[in-house]
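One letter stands for each residue in the lines below.
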Amino acid sequence: MVSKKVIIDSQYENHRKWIESLPETFDEGGELIYDGRNRVRLYTMSDGTKIVIKRYKRPMVHQMVAYGFFCKSKMLRAYYYAKRLLECSIDTPAPIAFVEVRHFGLLTDGFFLSSYNPDPDCRILREEEGHTQLTNALAEHLVREHRCGFLHGDTNLSNFLYRPDESERYGFHISTIDINRSRFRENPTEEERMKCLSRLTHVKRAYDEILEAYNKQWNS
């Protein structure tokens, strides 16, 4: 017995039929922009809006059982965590929909749809020196996330996008992506926050600069 769970933001309800068909049509349209553990395609809607669809890697058997009966799925978490971050005024691609496919209750396939953000990621901080303002902007963003109770599950510099923005305190706007493995915890401890930050980068110079800026802003 096959069943689908489809949750769609009200703005995109008119696209329900197409979204519901994704398990069958995902590979037929759009542009494949990432093909690794997961597959990601970029689609252009009829009104010109660009959206991203992530098809998650097929779960292993024990994961099918866990996500089927005991745990929230990755796509569900990506959708609702994004909504919660936006409620905290922390930027992340707007969630559009998610699809879960189940066989006899076991989760076998899943999709997450969001708005498209073409901004570059913050790995430039580990590759080049002299980006003090961007370092401060990222540190400020991380402080705001932690004050909101959000602990990113993969705090890698590749999961933070940036763009110049003169209206921001440090001249850059930061956005968070790939949040499905994250969690919310009221008043995270210093140990939890530091463990979260420890995944930022293996480049000691870059890590030390971000951590110094973070601590200064956390304690200000």
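Undergrad: Can you help me understand the pairing of strand β3 (residues 39-44) in this one?
TA: Each regular strand shows side chains that alternate between the opposite faces of the sheet. Pairing geometry for strand β2 (residues 31-35) and β3, over four bridges, is antiparallel. Each bridged residue has a counterpart across the sheet, and for Tyr34 the counterpart in β3 is Val40. Linking β2 to β3, which pair antiparallel, is a turn of three residues. Both β3 and strand β4 (residues 50-55) contribute to a ladder of six bridges, which runs antiparallel. Its bridge partner being in β4, Val40 is matched across the sheet by Lys54. Taken together, β3 and the strand that follows it, β4, pair antiparallel across an intervening segment of five residues, in which Gly48 is found at a positive phi of about 95°.

Undergrad: Would you take a moment to explain the packing of aromatic side chains for this structure?
TA: We describe a pair of aromatic rings using the distance from one ring centre to the other and the angle between the two ring planes. Across all of its chains, the model carries nine aromatic pairs by this definition. With centroids separated by 5.2 Å and ring planes inclined at 55°, the aromatic side chains of Phe150 and Phe184 adopt a geometry described as tilted. Separated by 34 residues along the polypeptide, Phe150 in strand β7 (residues 150-151) and Phe184 in strand β10 (residues 183-184) bring together distant segments of the chain. One exposure class covers both Phe150 and Phe184, and it is buried. Ring centres 5.9 Å apart and planes at 75° place the aromatic pair Tyr162 and Phe172 in the edge-to-face group. Separated by 10 residues along the polypeptide, Tyr162 in strand β8 (residues 160-164) and Phe172 in strand β9 (residues 172-176) bring together distant segments of the chain. The partly exposed category is assigned to Phe172, whose relative accessible area is 22%. Members of the aromatic cluster, each reached through a chain of ring pairs, are Tyr79, Tyr80 and Phe98. Over the face of the ring belonging to Phe26 we find Arg41, whose NZ or CZ atom lies 5.7 Å from the ring centre. Over the ring of Trp218 we find Arg147, and its NZ or CZ is 4.1 Å from the ring centre.

Calculation criteria
Residues numbered from 1 in each chain as written. Predicted model: local features only at pLDDT ≥ 70, side-chain atom pairs only at ≥ 80, totals over all residues. Heavy atoms only, no water. Pairing = 2+ DSSP bridges. Helix = DSSP H or I, 4+ residues; strand = E, 2+ residues; numbered from the N terminus. Phe/Tyr/Trp six-rings, centres within 6.5 Å; stacked < 30°, edge-to-face > 60°. Buried < 20%, exposed > 50% of the residue type's maximum accessible area, 1.4 Å probe, protein only. Lys NZ or Arg CZ within 6 Å of the ring centre and 35° of its normal.

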